[in-house]
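So the chains spell out like this:
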Amino acid sequence: QVQLVESGGGLVQPGGSLRLSCDASGFSFSRYAMRWYRQAPGKERELVATITSDGGSINYADSVKGRFTISRDNAKNTVYLQMNSLKLEDTAVYYCYVRYYLSDYWGQGTQVTVSS
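If you're wondering where the values come from, they're calculated on a predicted model, not measured in any experiment.

A. Representation of the pattern of salt bridges in the model. Counted under the stated rule, the structure contains five salt bridges. Here Arg38 ties to Glu46 by a salt bridge, and the two come within 2.6 Å at their closest N and O atoms. For Glu46, a relative accessible area of 32% gives the class partly exposed. Through salt bridges that share partners, Arg38, Glu46, Arg67 and Asp90 make up one connected network.

B. Main features of the state of the cysteines. Per the stated rule, a full pass over the model turns up one disulfide. The partner cysteine of Cys22 in its disulfide is Cys96, sulfur to sulfur 2.1 Å. Its S-S torsion of approximately -85° makes the covalent link between Cys22 and Cys96 left-handed. Taken as a pair, Cys22 in strand S3 (residues 18-25) and Cys96 in strand S9 (residues 92-100) lie far apart in primary sequence, 74 residues in all. The buried category is assigned to Cys22, whose relative accessible area is 0%. Using a relative accessible area of 0% as the deciding quantity, one classes Cys96 as buried.

C. How the structure looks around the nonpolar core. Judged by nonpolar contacts, the single largest core of 31 residues is most densely connected at Phe27, Trp36, Leu81 and Tyr94. Those elements that place two or more of their residues in this core are S3, strand S4 (34-39), strand S5 (46-51), strand S7 (68-73), strand S8 (78-83), S9 and strand S11 (110-114). With five residues, S9 is the largest single contributor of residues to this core.

D. Broad picture of the pairing of S3. Direction of pairing for strand S1 (residues 3-7) relative to S3: antiparallel, over a ladder of five bridges. The partner of Gln3 across the bridge, within S3, is Ser25. Where S3 and S8 come together, six bridges link them in antiparallel fashion. Its bridge partner being in S8, Arg19 is matched across the sheet by Gln82.

E. Examining the sheet that holds S8 more closely. Strand order in this open sheet of four strands is S1-S3-S8-S7, and the pairing throughout is antiparallel. Of all strands in the sheet, those bounded by a partner on one side alone are S1 and S7. Put simply, the sheet's adjacent strands are angled 15° from each other on average, direction ignored. In the sheet, S7 pairs with S8 via six bridges, with the strands oriented antiparallel.

Parameters and conventions
- Residues numbered from 1 in each chain as written.
- Predicted model: local features only at pLDDT ≥ 70, side-chain atom pairs only at ≥ 80, totals over all residues.
- Heavy atoms only, no water.
- Salt bridge = Lys/Arg side-chain N within 4 Å of Asp/Glu carboxyl O.
- Buried < 20%, exposed > 50% of the residue type's maximum accessible area, 1.4 Å probe, protein only.
- Disulfide = S-S within 2.5 Å.
- Helix = DSSP H or I, 4+ residues; strand = E, 2+ residues; numbered from the N terminus.
- Core = buried A, V, L, I, M, F, W, Y, C linked by side-chain atoms within 4.5 Å.
- Pairing = 2+ DSSP bridges.
- Axes fitted to C-alpha atoms, helices over the stretch in contact; angles between N-to-C directions.

Below, the structure written as structure tokens:
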């Protein structure tokens with residue numbers, strides 16, 4: 001079965017950096033686009049970044065452009081989100097996502113808290 005396991009969240013000061021990882025299993029990882037979403041308290045879940053199966057096309061939400069970088073290692077079945085210049089408003093639970101055979105799969109999420 002499809003499993004997505006995020007890690008790398010934590011508490012960081014404004015301006016700091018974190019690197020999130022999402023380990024995938026149960027499907028042919030290298031054949032599917034992957035996404036990162038986030039959900040802040042009291043807000044809807046929002047799309048942060050998308051990467052195609054081969055990494056050839058990447059898109060970001062305007063709010064994170066120039067600060068976040070999505071990447072993937074198909075040999076390790078892992079997708080990453082490098083987050084730099086973190087702001088207070090980046091505080092959220094971050095989720096890994098894949099659309100596989102017309103079904104949506106989410107990880108359990110990892111908490112990112114930006115606070116001074």
